[in-house]
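As a plain string of letters, each chain reads:
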Amino acid sequence: MLPSPRMVLCFLGHTCVEVIGMSTISPCVRDQFQSMPPELQQAVLALDVKVENLSDLMSCLERIIAEGETA
């Protein structure tokens, strides 16, 4: 018998109401994404967004720049 989802989530260290954010990078832009410096890749992933095309990737980079200017 499999444990209930609640037991699995608690076992993994997350409560049942927590939502784990996860960014996704489409294969269409993966080459461009992987050509960026690792620090910039991490910054994009930290935004918790779906990057499905080059426009999405550019929007993420613009957002990172804007956040850097206000910090």
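Residues numbered from 1 in each chain as written. Predicted model: local features only at pLDDT ≥ 70, side-chain atom pairs only at ≥ 80, totals over all residues. Heavy atoms only, no water.

So, about the environment of Leu54. Counting through the fold element by element, Leu54 comes out in helix H4 (residues 54-70). Remark: the alpha-carbon pair of Leu54 and Ser26, spanning 28 residues in sequence, is separated by 9.7 Å. Not counting residues up to four positions away in its chain, the partners in contact with Leu54 are Val29 and Gln32. (Helix = DSSP H or I, 4+ residues; strand = E, 2+ residues; numbered from the N terminus. Contact = heavy atoms within 4.5 Å.)

To continue, consider the side chain of Ser23. Within the secondary structure layout, Ser23 lies in the loop between helix H1 (5-11) and strand E1 (24-25). Overall, Ser23 belongs to the buried group, its relative accessible area being 15%. A distance of 2.7 Å separates a polar atom in the side chain of Ser23 from the backbone oxygen of Leu45. Polar side-chain contacts of Ser23 include one of 3.1 Å to the backbone nitrogen of Val49. When sequence neighbours within four positions are dropped, the list of residues in contact with Ser23 reads Val44, Leu45, Leu47, Asp48 and Val49. (Buried < 20%, exposed > 50% of the residue type's maximum accessible area, 1.4 Å probe, protein only. Polar contact = N/O pair within 3.5 Å; in protein donor to acceptor, adjacent residues only side chain to side chain.)

Moving on to the environment of Leu47. Looking at the element boundaries, Leu47 is found in the loop between helix H3 (38-46) and strand E2 (50-51). We classify Leu47 as buried; its relative accessible area is 12%. On a C-alpha basis, the gap between Leu47 and Ile64 in space is 8.7 Å, while along the polypeptide they are 17 residues apart. In this structure Leu47 touches Ser23, Cys60, Arg63, Ile64 and Glu67, once residues within four positions along its chain are discounted.

This paragraph deals with unusual backbone geometry. A positive phi angle, close to 60°, is found at Asp48, a residue other than glycine. Here Asp48 is to be found in the loop between H3 and E2.

Once that is clear, we can look at the pattern of salt bridges. A full pass over the atoms with the stated rule returns one salt bridge. Glu67 is the partner of Arg63 in a salt bridge, and the nearest nitrogen-oxygen pair spans 3.4 Å. Here the residue Arg63 and the residue Glu67 both occupy positions in helix H4, the gap between them amounting to four residues, near one helical turn. Residue class for Arg63 comes out partly exposed when judged on its relative accessible area of 39%. By relative accessible area, which is 41% here, Glu67 ends up partly exposed. (Salt bridge = Lys/Arg side-chain N within 4 Å of Asp/Glu carboxyl O.)

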